[in-house]
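As a plain string of letters, each chain reads:
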Amino acid sequence: MRTSQYLLSTQKETPAEAEVISHQLMIRAGMIRKLASGLYTWLPSGLKVLNKVAAIVREEMDKAGAVEVLMPVVQPADLWEESGRWEEYGPELLRVKDRHSRDFVLGPTHEEVITALVRNEISSYKQLPINLYQIQTKFRDEVRPRFGIMRGREFTMKDAYSFHLDEESLAATYEKMYTAYSAIFTRLGLDFRAVIADSGAIGGSVSHEFHVLAASGEDDIAFSTESDYAANVEMAPAAKPETAASPSGETGETLAVKGETVSELAASAALSEAQMLRVTLVQGHQEEESSAESWVALVLRADHALNDVKAEKLPGVAVPLVKASDEKAKAILGCAAQFADATNLPVTTFVDYSAAAMADFVTGAGESGKLKTFANWSRVPEQADIRNVVAGDPSPDGQGVLEIKRGIEVGHIFQLGDKYSKAMNCGVLSESGKHQLLTMGCYGIGVSRIVAAAIEQNHDKFGVIWPDPIAPFKVALIPMNMHKSQRIKETAEALYDKLTGMGIDVLFDDRKERPGVMFNDMELIGIPHSIVIGERNLDNQQIEYKHRRTGEKQLLDIDAAADFIAAL
RNA sequence: CGGUGAGUGGCGCAGUUUGGUAGCGCACUUGGUUUGGGUCCAAGGGGUCGCAGGUUCAAAUCCUGUCUCACCGACCA
């Protein structure tokens, strides 16, 4: 491709709205343009990357025995009513009406459509198992789209759905997908981890997320320093301390403190948050007959964070978790939650294991602006694991301690079971001639998100540094002052033809620009390799090669250049 | 949905407090200059100041309403 015939659209200035580096660079390098919140146009070089990612995903899926289909973006509402998700899904599901006032949705995912398809197309156990996938546009009306393409409302996703007669078959395909996903992210050249996303009460892990490690990630992942244990922080269990501290017997005193938040209180009284308790009030289940609200108090060490997923599993706690407003907390506790006496609360109370193991701690004195010191549990409280693990906690598998890193979720594989096949009556005739419901797995990859994640992990102050497999172009051909020098023009044109003829993706910068402009643009776009043709080296029948990532330069004989590039 | 902030040529911004000819940088066009790291000079084109209403002789500026966008919290690939 020649830049003169291409849409390069690079820009010097960083748009004000772009917060994360991938978003900034995608706009500056001319990969995407925003149309509306969470909606982006893919410009040529962005699209080339997206297509390369999709091609790798497709190859590996095919290799793993999955079969490609393509389902509509617009889906009839009755399928969603059948699965129960018309009500269940919430406002993220964009609903539209057609000209006959019939309800449709813009597909955020395709379980309903694929289940309806399989229900009609597959009728015998002999056709199973089967794994169908597509690479297609999804629409989710996100509450808050952000970070550019990373969390857009419209995005490209690879979604696969497998159908099985039994759990063993499901587990086998799940395993295949796990392997395929690892192969995909390895080929993409990304530093990734597969993490446990749910080690549910059912036993065994039935879900894994694949995360690309990056400081800007939205998820916290806990790793063992010793073993290969890795889990989303939401899911990692915090161990119960083996021994509880014992009270010193010292008499506490009441402290007057200033501030609103617990950390302000701690600072004002020169206390460590690790010796303080934090009370959070959440909604309980409402009684069927009465509309009376019930509330549950959760007590943690003040330096620990409440884990919503764990809290939702407590008996009597409403799902999803609803935290009490300040006014509500005051009405129930008699004072703001941060001044409530955690050892003596008027509602059902769950104390986190590590908080329960404390002694001589600081908690509220039951009135505004007052804390009390050397407090202790008067009786053994109801305990549970309700906090997020922190770095240094013992690893749940007993090996080493945990370390926390940020990750960007780019893939998720899940053993679904019969949720959809049951609701939509999707089954086959078994060997014994009986109707049998199918069990399902589903496997997603955020194809467009991978593009952003790859940049988060691969950039420097000059711009993007694409891993070779997904670079929009493999090599940039940069002639110095081609418009003045006939022999540079001839050399560049000849090399361009040769490289193109070899099937190499080359971007030939034939603009009448100064060298600096070309260098900067090619680096910003992130082309992994470049060749500079200048008078200086041409006298020796040589050209210069430069590696984007390392900055390494070397001179090549003109005749050997094409083969050198091809071999990279 | 809650909290904060912002809407002025394609992009980044100033101007708004104290109403009075709409400005700067980048980008774009033309001419010249320069030529291995975003040259320099000159001339130019391009803006209903988010939208609607109001106040006023006069509104980017004041008032009211409204829409959009970004950032921080609960969901997700």
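See above for the structure.
What counts, and where the lines are drawn
- Residues numbered from 1 in each chain as written.
- Chains lettered and ligands numbered in written order.
- Predicted model: local features only at pLDDT ≥ 70, side-chain atom pairs only at ≥ 80, totals over all residues.
- Heavy atoms only, no water.
- Helix = DSSP H or I, 4+ residues; strand = E, 2+ residues; numbered from the N terminus.
- Buried < 20%, exposed > 50% of the residue type's maximum accessible area, 1.4 Å probe, protein only.
- Areas by Shrake-Rupley, 256 points an atom, 1.4 Å probe, with all protein chains shown as cover.
- Lys, Arg positive; Asp, Glu negative; His and termini not counted.
- Charge placed at Lys NZ, Arg CZ, Asp CG, Glu CD.
- Near = heavy atom within 4 Å.
- Polar contact = N/O pair within 3.5 Å; in protein donor to acceptor, adjacent residues only side chain to side chain.
- Nonpolar A, V, L, I, M, F, W, Y, C, P; charged D, E, K, R; others polar.
- Contact = heavy atoms within 4.5 Å.
- Pairing = 2+ DSSP bridges.
- Core = buried A, V, L, I, M, F, W, Y, C linked by side-chain atoms within 4.5 Å.
- Patch = residues over 30% accessible without salt bridge, like charges linked within 9 Å, V, L, I, M, F, W, Y side chains within 5 Å.
- Salt bridge = Lys/Arg side-chain N within 4 Å of Asp/Glu carboxyl O.
- Right-handed = clockwise from strand over helix to strand, strands pointing away.
- Axes fitted to C-alpha atoms, helices over the stretch in contact; angles between N-to-C directions.

The subject of this paragraph is the overall build of chain A. Tallying secondary structure elements over chain A gives 16 helices and 30 strands in all. Overall, the C-alpha framework of chain A stretches about 90 × 70 × 50 Å when taken along its three principal axes. In chain A, which comprises 568 residues, the share counted as buried stands at 52%. Accessible surface, chain A as shown: approximately 26,300 Å² in total, 49% of it carbon and sulfur. If you average the places of the 59 positive and of the 81 negative side-chain charges in chain A, the two averages end up 6 Å apart.

Time to look at the protein's contact with RNA strand B. Close to RNA strand B lie 47 residues; R140, N481, R514, E523 and E544 are nearest. Among the atoms of RNA strand B lying within 4 Å of the protein, the sugar-phosphate backbone contributes 46%. K34 is positioned such that a nitrogen or oxygen atom in its side chain is 3.1 Å from a sugar or linking oxygen of RNA strand B. At 3.2 Å, a side-chain N or O of N520 approaches a base nitrogen of RNA strand B. Listing elements by their share of the surface near RNA strand B, those giving two or more residues are strand 8 (154–164), strand 20 (402–417), helix 14 (515–525), helix 15 (535–538) and strand 29 (542–547). Residue contributions to the surface near RNA strand B peak at seven residues, all from helix 14. Here the residues of the surface near RNA strand B are counted per class, giving 14 nonpolar, 12 polar and 21 charged.

Take the side chain of N232 next. Structurally, N232 can be placed in strand 12 (residues 230–232). Using a relative accessible area of 3% as the deciding quantity, one classes N232 as buried. Setting aside chain neighbours within four positions, we find N232 in contact with V195, I196, E209, H211, D219 and D220.

The next subject is the pairing of strand 16 (residues 348–352). A large share of strand 16 lies buried, amounting to four of its five residues. Summarising the sheet, strand 15 (residues 295–301) and strand 16 pair through four bridges and their orientation is parallel. Across the sheet, the residue bridging to V299 is V351, located in strand 16. With two bridges joining them, strand 16 and strand 19 (residues 383–384) adopt parallel strand pairing. Each bridged residue has a counterpart across the sheet, and for V351 the counterpart in strand 19 is Q383.

On to unusual backbone geometry. Cis geometry is found at the peptide bond from L128 to P129, where omega equals -5°. At Q541, a position not held by glycine, the phi torsion is positive, near 60°. Tracing the backbone through its elements, the reader meets Q541 in the loop between helix 15 and strand 29.

In this structure, M31, V53, Y181, F185, L188 and W466 are the most contacted members of the largest nonpolar core, which totals 53 residues. The next biggest cluster of nonpolar side chains, apart from the first, holds 33 residues, and it includes A266, W295, A340 and A342.

This paragraph deals with a negative patch on the surface. Residues D166, E167, E168 and D418 make up a contiguous surface patch of negative charge. Mapped onto the secondary structure, E168 falls in helix 6 (residues 167–187). Exposure remark for E168: the relative accessible area of 59% places this residue in the exposed category.

Looking now at the pairing of strand 26 (residues 475–479). Across the five residues that make up strand 26, a large majority, five, are buried. Neither face of strand 26 is left uncovered, since the one carrying V475, L477 and P479 and the one carrying A476 and I478 both have all their residues buried. Remark: the strand 26/helix 13 (residues 486–501)/strand 27 (residues 506–508) crossover connection has right-handed handedness. Here strand 26 runs beside strand 28 (residues 529–533); their pairing, made up of five bridges, is parallel. Across the sheet, L477 pairs through a bridge with I531, a residue of strand 28.

One open sheet holds the three strands; their spatial order is 4-6-5, and the pairing between them is antiparallel. Looking along the sheet, the strands with just one partner apiece sit at the ends: strand 4 (74–76) and strand 5 (95–97). Sheet twist, expressed as the average angle between the axes of neighbouring strands with direction ignored, equals 40°. Bridge count for strand 4 against strand 6 (residues 103–106) is three bridges, and the pairing is antiparallel. Within strand 6, the position partnered with Q75 by the bridge is V105.

On to the sheet that holds strand 19, then. Strand pairing in a sheet relies on backbone hydrogen bonds. The paired strands run either parallel or antiparallel. Ordered by their spatial adjacency, four strands build an open sheet running 14-15-16-19, and the pairing between neighbours is mixed. Where the open sheet ends on each side, the last strands, each with one partner, are strand 14 (277–283) and strand 19.

Another aspect to go through is helix 14. Of the residues making up helix 14, those classed as buried are M518, D521, M522, E523, L524 and I525. In the core, the buried residues of helix 14 are packed alongside helix 1 (21–28), strand 25 (463–464), strand 26, strand 27 and strand 29. Positive phi shows up at G526, right after helix 14, with a value of about 90°.

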